Amino acid sequence: MKENLLKLKERIALACSRINKNPGFVTLVAVTKNRGVGEIRAALDCGILDIGENRVQETLPKYKELQSYQPANSANIRWHMVGHLQTNKVAQAVEIFDLIHSVDSLRLAEEIDKQAARINKVQGILIEVKTSPEATKDGVIPQDLAKFFKEVSGFKNLKIKGLMTIAPLVDNAQKARPYFKKLRELYDGISGLSVLSMGMSDDFEVALEEGSNMVRIGRAIFEG
Ligand SMILES: *Cc1c(COP(=O)(O)O)cnc(C)c1O
């Protein structure tokens, strides 16, 4: 894993250098769905600070077990919810996650606001945008984003930090470029945002070239 992370960081730095961007501004979220606590600990020991999960039920026991774990650098772990969030899991999600990447409906935003208020928290969120026309994907469609952003901005216990997208599966990462470009345009059109979450193991270099400052990587860290 150490080797994988070294290689990954090199690739991130190289992609950043192509657009004259400081790789220090890129947050690497290690996506640990289906990985055990031992693997997460190993990643933390290699300097990872951001952990991404996609199911609340799976995260809870890992979160509990790692609460007492002090990584070598003794910083706090930041937990990211990158998967689709069901409203009946929100009460637990706000207890765990620093950033919820997948807010895409008013009903979900409302519930997160309500549950965050209950524990006196301002919950950081990203709005998930459906940048590709694939029928199965979650996310707000670009034409609805301005209206949705305005509505969600009204919730006192939510802080919209930025936008997130998942590019469709393609055989060549270059084919994902238009979707990243689209999200970047939408991001630039809204003031006050700081997080642009896009890019996974197969397409993060293209995402970085298009302005991503948060990549969500699983396989390139934990496999191979
Ligand atoms: C699993 C997952 C990732 C990481 O995917 P890899 O291809 O393993 O890098 C990133 N984002 C989301 C939303 C995921 O579900």
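Worth saying up front: this structure is predicted, and the values here are computed from it rather than measured. (Residues numbered from 1 in each chain as written. Predicted model: local features only at pLDDT ≥ 70, side-chain atom pairs only at ≥ 80, totals over all residues. Heavy atoms only, no water.)

Examining the site of the ligand
Here is step 1: As a structural note, the neighbourhood of the ligand is formed by V31, K33, V82, I166, M200, S201, R216, I217, G218 and R219.
Here is step 2: Here an oxygen atom of the ligand sits 2.8 Å away from a polar atom, N or O, in the side chain of K33.
Here is step 3: In this structure, an oxygen atom belonging to the ligand sits 2.5 Å away from a side-chain N or O atom of S201.
Here is step 4: Residues belonging to the shell around the ligand are distributed by class as follows: 5 nonpolar, 2 polar and 3 charged. (Near = heavy atom within 4 Å. Polar contact = N/O pair within 3.5 Å; in protein donor to acceptor, adjacent residues only side chain to side chain. Nonpolar A, V, L, I, M, F, W, Y, C, P; charged D, E, K, R; others polar.)

Describing the pattern of salt bridges
Here is step 1: Throughout the structure, instances matching the rule amount to 17 salt bridges.
Here is step 2: Of the charged contacts, one joins R78 and D50 as a salt bridge, the two residues approaching to 2.8 Å between their closest N and O atoms. Residue R78 is found in strand β3 (residues 78–81), and its partner D50 is found in strand β2 (residues 50–53); the two are separated by 28 residues along the sequence.
Here is step 3: D50 gets classed as buried once you look at its relative accessible area, which sits at 4%.
Here is step 4: Here K62 makes a salt bridge to E58, at a shortest N to O gap of 2.8 Å. Of this pair, K62 and E58 both sit in helix α3 (residues 56–67), separated by 4 residues, roughly a single helical turn. (Salt bridge = Lys/Arg side-chain N within 4 Å of Asp/Glu carboxyl O. Helix = DSSP H or I, 4+ residues; strand = E, 2+ residues; numbered from the N terminus. Buried < 20%, exposed > 50% of the residue type's maximum accessible area, 1.4 Å probe, protein only.)

A short note on the pairing of strand β6 (residues 158–164)
The two faces of a sheet get side chains in turn, since along a regular strand they alternate between them.
Here is step 1: Judged by how many residues are buried, β6 sits mostly within the fold: 5 of 7 residues are covered.
Here is step 2: Examined bridge by bridge, strand β5 (residues 123–128) and β6 share 6 bridges and lie parallel to one another. Note that in β6 the partner of I127 across the bridge is L163.
Here is step 3: Bridge count between β6 and strand β7 (residues 195–197): 3 bridges; the pairing is parallel. Note on β7: the bridge partner recorded for L163 is L196.
Here is step 4: As a crossover connection, the stretch from β6 through helix α7 (residues 177–188) into β7 is right-handed. (Pairing = 2+ DSSP bridges. Right-handed = clockwise from strand over helix to strand, strands pointing away.)

Quick word on the packing of helix α2 (residues 37–45) against α3
Here is step 1: Contact geometry for α2 and α3: axes closest at 10 Å, N-to-C directions at 50°. Classified by the angle between their axes, α2 and α3 sit oblique to one another. For the pair α2 and α3, the crossing hand works out as right-handed. Residue-level contacts link V37, I40, R41 and L44 of α2 to K62, E65 and L66 of α3. (Axes fitted to C-alpha atoms, helices over the stretch in contact; angles between N-to-C directions. Parallel < 35°, antiparallel > 145°, perpendicular 65-115°, else oblique. Left-handed = near helix turned anticlockwise from the far one by under 90°. Contact = heavy atoms within 4.5 Å.)

With respect to the packing of aromatic side chains
Here is step 1: What the rule picks out here adds up to 1 aromatic pair.
Here is step 2: Between Y63 and W79, the ring centres sit 5.5 Å apart and the planes meet at 70°, which makes this aromatic pair edge-to-face. In this pair, Y63 is assigned in helix α3 and W79 in strand β3, connecting sequence segments 16 residues apart.
Here is step 3: Here Y63 falls in the buried class, since its relative accessible area comes to 17%.
Here is step 4: According to the relative accessible area criterion, W79 is buried, its value standing at 4%. (Phe/Tyr/Trp six-rings, centres within 6.5 Å; stacked < 30°, edge-to-face > 60°.)

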